[in-house]
Amino acid sequence: MTDRPFTVIENEWIHLADGTRLAARIWMPEGATADPVPAVFEFLPYRKRDGTSPRDESTYPAFAAAGIAGVRVDIRGSGESDGVIDGEYTALELDNACELIAWIAAQPWSNGSVGMMGISWGGFNCLQVAAMNPPALKAVISIASTVDRYNDDIHYKNGCHLSAQLSWAATMLGYQSRSPDPALVGERWRDMWLERLENEPFFLEEWLSHQRRDAFWQHGSICEDFDGFKIPALVIAGWADGYRNTPLKAVEGLGDKAKALIGPWVHKYPHFAWPKPRADFLGEAIRWWNRWLRDEPNGVEDLPQVRAYILDAIRPAPRRDIDPGRWIAKQHWNPPELEPFAVNGAGQLVAGAPTGNAVRDVYLKSPLDTGTAAGEWFTLKPDAEMALDQRGDDAGSLCFETEPLIADLDCLGRPVLTLTLACDADFANLCARLVDVHPDGTATRVSFGVLNLAHRNSNAAPKPMPKGEKVEITLTLDACGYRLRAGHRIRLSLSTAYWPMVLPTPTDPGLTIDTASLKLDLPRLGAHQALDMKQPDNPDPLPKYIEHMPGETQRQVLRDLSGNGTSYYILEDTGLFEHPDTGLSTRQIREEVWSITPGDPLSMTGTSTWTCDMKRPGWSVRTVSTSSIACTATSWLIDAQVMAFEGETQIFDKTFEKSVPRDFM
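What you see is a predicted model; the values in this text were computed from it and never measured.

Engineer: Residues and numbers for empty space enclosed by the protein, please.
Structural biologist: Counted by the stated rule, this structure contains eight cavities of 30 Å³ or more. Computed from the structure, the largest cavity encloses a volume of approximately 270 Å³. As for the largest cavity, its lining consists of 23 residues, and the residues nearest its centre are W239, A240, R320, R445 and V446. Counting only elements with at least two residues in the lining of the largest cavity, the list comes to β20 (443-452) and β22 (480-484). Looking at which element gives the most residues to the lining of the largest cavity, the answer is β20, with five residues.

The following block contains the structure:
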């Protein structure tokens, strides 16, 4: 069923039982009332009118042409929807989603079967809603999401505090401060806007109140009850994104209910993601929906459990448009066979288990600005957001390296590091990086992992290190799919800092590493089949809007040698673009700076400012939101401000300020 005519309902009001009116954009196949169709539902706070319209318009028309309705709904307090957002993946949000699914299934044009889909926030909540088993929900497609909200999202990672937590709190403060579109809501727009501005939360305050893996993070983490998850899930991610662990965790936890697809991509849909090669996401999705939403016997249940792109000798670059490699399939996913490496008496990394012949205790204390080549945890473009050449960071690290490999080593899975170490403080951070060293010395980060040593045994119940005593540590690095080529060297890099991605602990004690105990297990690819992954039919599917001002990107590291400080600066300017059908022009500017004084972990600061513009001839609004974090030895110090302007007139100003005790962090 293809090329069916369809119409676009630009705005449909859906009334919830509590009286809240949510705004939906619907792509409707013609004749659906006479011949009911399945529907795909996406539920986001990112604004259907402007924020996600390019990707929506690259995806939902293809679904509608295949006879599948698309229903894109703004979460309360977002876009044109009533009310105020109350947090991230809250019980209210998930209950609203279930109510919306029932509404869709009850429409005269619906065949009663609903799928739920999304990337990032929408990928999260579709898995979480599926775990609630609403009757009409038959399948999900989750892209760049997580099954564990504590360890695989932008907040914390094995007890380490990610700088992305401030960045994302600032993003949401900026996003949620924007006005609804008067062209859709009429004269109510100003009252709706002021209600949001007055009542929107500063998410960072709540997130920082839960620094360990407690009930707050267990909520919405489907790994808490994989057995209770009943419906088919296609789980997709990219190696260049922070959510790279989720597909393999999903198939390990959900078994045959899940299918994993992992490409070389950043945080984007596979049919327009970078780096290439891309995947025919639209064809994949339509087959998935046809099988589970209209019972078409097309065999998707027999797809390999894991399909993955194995990167091959990647070279860092200012922009990576194409990553070399190959597609493979594993019909059934089993725990990979591990290839062990250890450190010998010469301090080299060698194949095999530890023998006890290495130089034993080595003291490691990295410069606090080690990590500026890490890129960002959350990547949207294939530029300096991705990890760069690691040689600079490796200079501040303890490194162990093999001789040039005599044969290729293909990996798929999560490397595991075990070692014994001692710390003279209650806790410290440890970062481990698996690096591919090319014959010319270029160093590509293949995988990394971080651990707050107070969380060595539990993210829910951290405990101080026994000062000065040796403790065995296990650190599981992020998943990777990578060919380590013959002639290249494998490097293991250890550091006690990974700034600005990871915020420093209150003290900087350094670690004593027992190198004789070190063991690095690499996951072998093992038996697999070659895969011919279909590319998208349209190589450039995103719609073109009217450009009034071009965008700009900057990432800079400034080392002030006289002032003994390092700053990391980010500028992301979307440019000003007008939707040709709505006449609405929008622009968002993110300016973010992190600073630290080497030798003083309490000097760390971060500030993120978002400027958001919306305009039409005769009408314009702007919000400026600034979010900051600093610290003392015992507290996180956070503050934020939101200002709103109608035309040139400031109409609103609000500030947040909070001191939150540090909790083993």
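Read on for the rest.
Engineer: How would you summarise the nonpolar core if you had to cite specific residues and measurements?
Structural biologist: Counting 194 residues, the largest nonpolar core has F63, W289 and L494 as the members making the most contacts within it. The leading source of residues in this core is helix α4 (residues 164-176), at eight residues. If near-sequence neighbours (up to four positions away) are discounted, F63 is found in contact with V40, I68, M117, F281, L282, A285, I286 and W289.

Engineer: Please set out the pairing of strand β33 (residues 635-646) residue by residue, giving values where relevant.
Structural biologist: Across a regular strand the side chains alternate sides, sitting on one face of the sheet and then on the other. Sheet analysis places strand β32 (residues 619-631) next to β33, joined by 11 bridges and oriented antiparallel. By the bridge assignment for β33, R622 is matched with F645. Adjacent in sequence and paired antiparallel, β32 and β33 are bridged by three residues. Where β33 meets strand β34 (residues 649-661), 12 bridges bridge the pair, whose relative direction is antiparallel. Residue pairing across strands places M643 opposite D653, the latter belonging to β34.

Engineer: I'd like to hear about the packing of helix α2 (residues 91-106) against helix α3 (residues 121-130), residue by residue, with values.
Structural biologist: α3 packs onto α2 with a crossing angle of 75° between their chain directions and a minimal axis gap of 10 Å. Between α2 and α3, the angle is such that the two are roughly perpendicular. Contacts between α2 and α3 involve E93, L94, A97, C98 and I101 from the former and W121, N125, Q128 and V129 from the latter. Tallied by class, residues from the contact of α2 with α3 come to six nonpolar, two polar and one charged.

Procedures and definitions
Residues numbered from 1 in each chain as written. Predicted model: local features only at pLDDT ≥ 70, side-chain atom pairs only at ≥ 80, totals over all residues. Heavy atoms only, no water. 1 Å grid on protein atoms, 1.4 Å probe; cavity = no way out; pocket = protein on both sides within 12 Å on 5 of 7 lines; lining within 4 Å. Points joined across faces, edges and corners; volume = space filled by probe spheres on them. Helix = DSSP H or I, 4+ residues; strand = E, 2+ residues; numbered from the N terminus. Core = buried A, V, L, I, M, F, W, Y, C linked by side-chain atoms within 4.5 Å. Buried < 20%, exposed > 50% of the residue type's maximum accessible area, 1.4 Å probe, protein only. Contact = heavy atoms within 4.5 Å. Pairing = 2+ DSSP bridges. Axes fitted to C-alpha atoms, helices over the stretch in contact; angles between N-to-C directions. Parallel < 35°, antiparallel > 145°, perpendicular 65-115°, else oblique. Nonpolar A, V, L, I, M, F, W, Y, C, P; charged D, E, K, R; others polar.

By themselves these figures say nothing about function.
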